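# Coordinate analysis (summary)
Here's the letter readout for the chains.
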Amino acid sequence: MKTIIKNQLNTNKTERYDTCCFCGAKMLPEESHNPYPVKPYSFFTTEVVEGRCCSMCNQSIVLPARKEKLRRGEF
Ligand SMILES: [Zn+2]
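Quick caveat, the model's predicted, so the values are computed rather than measured.

A few words on the overall build of the protein chain. Looking only at helices and strands, the protein chain has 1 helix and 2 strands in total. The linear arrangement of helices and strands in the protein chain, starting from the amino end, is β-β-α. When burial is assessed residue by residue, the protein chain has 15% of its 75 residues classed as buried. Partitioning the contacts of the protein chain with sequence separation of at least 6, the portion at a separation of at least 24 is 42%.

A few words on helix α1 (residues 55–71). With 17 residues, α1 should reach 24 Å at 1.5 Å per residue; the first-to-last C-alpha distance of 22 Å fits that figure. A maximum bend of about 35° is found in α1 at Val 62, where proline Pro 64 lies one to four positions downstream. Note on α1: the residue one or two positions beyond its end, Gly 73, has a positive phi of about 70°.

A few words on the nonpolar core. Core analysis: the largest hydrophobic core is formed by 5 residues, namely Cys 20, Cys 21, Cys 53, Cys 54 and Cys 57. With near-sequence residues (within four places) excluded, Cys 21 lies in contact with Pro 35, Lys 39, Gly 51, Arg 52 and Cys 53.

Moving on to the environment of Cys 54. Its place among the elements puts Cys 54 in the loop between β2 (26–27) and α1. The exposure class of Cys 54 is buried, given the 24 C-beta atoms found within 10 Å. Between the C-alpha atoms of Cys 54 and Cys 21, which are 33 residues apart in sequence, the distance is 8.1 Å. Aside from chain neighbours lying at most four places away, what touches Cys 54 is Cys 20, Cys 23, Ala 25, Met 27 and Ser 32.

Turning our attention to the confidence of the model for the protein chain. Put simply, the protein chain has an average pLDDT of 84, and 81% of its residues get 70 or more. Predicted confidence for residues 8–12 stays below pLDDT 50, and this span has 0 contacts to residues more than four positions away or in other chains.

The next thing to look at is the environment of Val 62. Looking at where Val 62 falls in the secondary structure, it is placed in helix α1. Measuring from C-alpha to C-alpha, the distance between Val 62 and Pro 37 comes to 7.1 Å, with 25 residues separating the pair along the chain. Excluding its chain neighbours within four sequence positions, the residues that come into contact with Val 62 are His 33, Pro 35, Val 38, Cys 53 and Cys 57.

Scoring rules and cut-offs
- Sequence positions are assigned chain by chain, starting from 1 and proceeding in written order.
- Selection of residues for local features in this predicted model requires a pLDDT of at least 70, selection of side-chain atom pairs for listing and counting requires 80 or more, and totals for whole chains, interfaces and linings are taken over all residues.
- Helix and strand definitions follow DSSP, with helices as H or I runs of at least four residues and strands as E runs of at least two, each counted in order from the N terminus.
- Burial is judged by counting the other C-beta atoms within 10 Å of a residue's own C-beta: 20 or more makes it buried, 12 or fewer makes it exposed, and any count in between marks it as partly exposed, with every C-beta position built from the backbone.
- Here contacts are defined at the residue level, using C-beta atoms placed from the backbone and a cut-off of 7 Å between them.
- The length a helix should cover is 1.5 Å for every residue beyond the first.
- The angle separating two fitted axes, one through the seven residues that finish at a residue and one through the seven that start at it, defines the bend at that residue.
- When buried Ala, Val, Leu, Ile, Met, Phe, Trp, Tyr and Cys residues are joined through C-beta atoms within 7 Å, the set is termed a nonpolar core.
- What pLDDT reports is the predictor's confidence in each residue, on a scale of 0 through 100.

Laid out in structure tokens, this is it:
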């Protein structure tokens, strides 16, 4: 008698992706960024939290906004 062993896929991997608050891209909490000052300040946690942004948006949206604020002396 043959026993067929199913390929055990790890299906119960915990979904712990955040969604970027700008573009909606999925990212791990460790890879997320605080979108302040464009969006409300968001602290880093290792759990899924709303209001974080991805590296791409951090570079293209958040960092320019911070530089602009710095330039105007608003920080
Ligand atoms: Zn994004």
